[in-house]
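# Secondary and tertiary structure notes
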Amino acid sequence: KRSSKAALKPNAEHRDEALAAIEQEGDQFVANRVLSAPMTYAEIPVEHRTNILKVFQFVVDKHDASGVFVKCKARSVADGSAQVPGTYGESTAPVMSALACKLLLAMAATLGMKIASIDIATAFCLTPNPYEVYLELPDALEKRFGKYVRMLKCVYGTRQAAHQFYMMMRGGLERAGYEACDDDAGLFRKVKPDGSFVLIGLHVDDSLIVYNSDEELQDIVDAMSATFGKDKVKLDLWPSSLLGLTLTYHVDGSIGVGQQGYVDTVCERFSSYLTDKSEKYPHDGEGLRVRTDERRATPLDSRMAHLYQELVGCVGYAAITRACIQPALTYLQSRAGCPSVGDWERALRMLRYLRNSRT
């Protein structure tokens, strides 16, 4: 991620793609009526003048699960941490668990079912905002929309955005006859009279669909189109990637799930701290509970402690496909509040193990 200003510097990588992405975001703000007409500070009600949310615009390079550059995407994000009660309501937004995601893939492989994915374009910005919220826009947006505006549709970063979108998505599915799972509110199913069923797992605006016939898939597409608009529903049959996972489909019906691209990205992020040393299974050699020397027992300073938390958070996502790291990962997570030099070295050791066995 980088600011839109940095992305548009003359020597910036993918500058033309970034410029097009910024223009595209502005166009969708207009098309979806996300913002009100420009306002002056004096036009904002007095009781809301101390609650104006600042908006930051950044550009992110999107890569596929193999780490290959796909496109630039511009995203304007409001500082939701400054929101006060009364300008938002419920803020939770269920997503399917990692277990549910793997379970759907396993069912598809075992039962010979088909797989698809649906992405809702500009998801949050399609969602009505039922609260009175005012925004202060950055220079990049001010030229087109003015400095102050009222938020008519949800903007990324606001506390209510994810919940409002989930409720909109759930409402569309329930109207089409789907029911939410009691134990995982991000998982939905529809059972037909003949006993066949369709399953869909939601992860914000992405979804994983397991189905038998094209008619069943079209039923979901129609439900999403009726809710968000036909041009907002992007269907991907037999997706090659999902939520950072690489999916491969084999002739015997089995499905391979990997995270090579994700691991490569994490290694690049922490490359200055990695060595070429190879690692075997993370429990081999120096175990987690061995006695450490005085240096390794030394607490990390605040900067390195923050880096430790980032590293543990990153390797934690790899446990989706690499369950063998979970026992060691649990220990590293327990040390996040007061990590030592030894903990940092153990976390790097786990990352080296993931790197050396990423394929």
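Refer to the structure printed above.
The present account deals with the structure reproduced in this document.

Below, the discussion takes up the sheet that holds strand β14 (residues 255-258). Taken in spatial order, the three strands line up as β12-β13-β14 in an open sheet, and their pairing is antiparallel. The sheet terminates laterally at β12 (241-242) and β14, the two strands that pair on one side only. Here two bridges tie β12 to strand β13 (residues 245-249), and the two strands are oriented antiparallel to one another. Across the sheet, L242 pairs through a bridge with L245, a residue of β13.

So, about the environment of G244. Structurally, the position occupied by G244 is in the loop between β12 and β13. Owing to a relative accessible area of 31%, G244 belongs among the partly exposed residues under this scheme. Between the alpha carbons of G244 and V263 there is a distance of 9.8 Å; along the sequence they are 19 residues apart.

So, about the sheet that holds strand β10 (residues 206-211). A sheet is described by the order of its strands in space; here six strands give the open sequence β7-β8-β9-β10-β4-β11, paired in antiparallel fashion. In this open sheet, the two edge strands, each paired with only one partner strand, are β7 (179-180) and β11 (233-237). Pairing between strand β8 (residues 187-191) and strand β9 (residues 197-203): five bridges, direction antiparallel. Looking at β9, one finds that R189 is bridged to L199.

For the structure on display, the rule yields nine aromatic pairs. Between F29 and F145, the ring centres sit 6.0 Å apart and the planes meet at 65 degrees, which makes this aromatic pair edge-to-face. With a gap of 116 residues between them, F29 in helix α2 (residues 15-31) and F145 in helix α4 (residues 139-145) connect regions that are remote in the sequence. Of the two residues, F29 and F145, both sit in the buried class. Each ring, one from W238 and one from Y249, has its centre 5.0 Å from the other, and the planes form 75 degrees; the classification is edge-to-face.

On the surface, a nonpolar cluster with roughly 290 Å² of combined accessible area is contributed by L235, L237 and W238. Tracing the sequence through the fold places L235 in strand β11.

What follows concerns helix α6 (residues 214-228). Look at α6: 21 Å from first C-alpha to last across 15 residues, which is about the 21 Å you get at 1.5 Å a residue. Turning to α6, its buried residues are E216, L217, I220, V221, A223, M224, S225, T227 and F228. Where α6 is buried, its residues meet β4 (114-120), α5 (161-175), β9, β10 and β11.

To continue, consider helix α7 (residues 260-269). Taken residue by residue, α7 has G261, V263, V266 and C267 as its buried positions. Buried residues along α7 sit in contact with α8 (302-317) and α10 (341-356).

Attention now moves to the nonpolar core. Counting residues in hydrophobic clusters, the biggest one holds 44 residues, and the most contacted among them are L35, I120, L135, I209 and M224. When contributions to this core are tallied by element, the ones reaching two or more residues are β2 (53-63), β4, α4, α5, β9, β10 and α6. It is α6 that provides the largest number of residues to this core, a total of six residues. Leave out the neighbours within four places in its chain, and I209 touches K114, I115, A116, I118, V198, L199, I200, L217 and I220. Counting residues in hydrophobic clusters, the runner-up holds 28 residues, among them L300, L332, V341 and W344.

Rules used in this analysis
- Sequence order as written defines the numbering, with residues in each chain counted from 1.
- Given that this is a predicted model, residues contribute local features only at a pLDDT of at least 70 and side-chain atom pairs are listed and counted only at 80 or more, while totals for whole chains, interfaces and linings are drawn from all residues.
- Neither water nor hydrogens contribute to the side-chain values; these are computed over all heavy atoms in the structure.
- For two strands to be treated as a pair, DSSP must find no fewer than two bridges joining them.
- In DSSP terms, a helix is any run of H or I states spanning at least four residues, a strand is any run of E spanning at least two, and both are numbered starting from the N terminus.
- Any residue under 20% of the maximum accessible area for its type is buried, any over 50% is exposed, and the rest in between are partly exposed; the area is computed with a 1.4 Å probe on protein chains only.
- Classification of ring pairs uses Phe, Tyr and Trp, with its six-membered ring standing for Trp, and accepts pairs whose centres are within 6.5 Å; under 30 degrees between planes counts as stacked, over 60 as edge-to-face, and the remaining range as tilted.
- Think of a patch as exposed residues, more than 30% relative accessible area, with no salt bridge, where like charges cluster within 9 Å and nonpolar side chains (Val, Leu, Ile, Met, Phe, Trp, Tyr) cluster within 5 Å.
- For the accessible areas, the method is Shrake-Rupley and the probe is 1.4 Å, while residue cover comes only from the protein chains on display.
- Any carboxyl oxygen of Asp or Glu within 4 Å of a side-chain nitrogen of Lys or Arg constitutes a salt bridge here.
- By this rule the span expected of a helix is its residue count minus one, scaled by 1.5 Å.
- We call two residues in contact whenever any of their non-hydrogen atoms come within 4.5 Å of each other.
- The term nonpolar core refers to a set of buried residues drawn from Ala, Val, Leu, Ile, Met, Phe, Trp, Tyr and Cys, joined through side-chain atoms within 4.5 Å.

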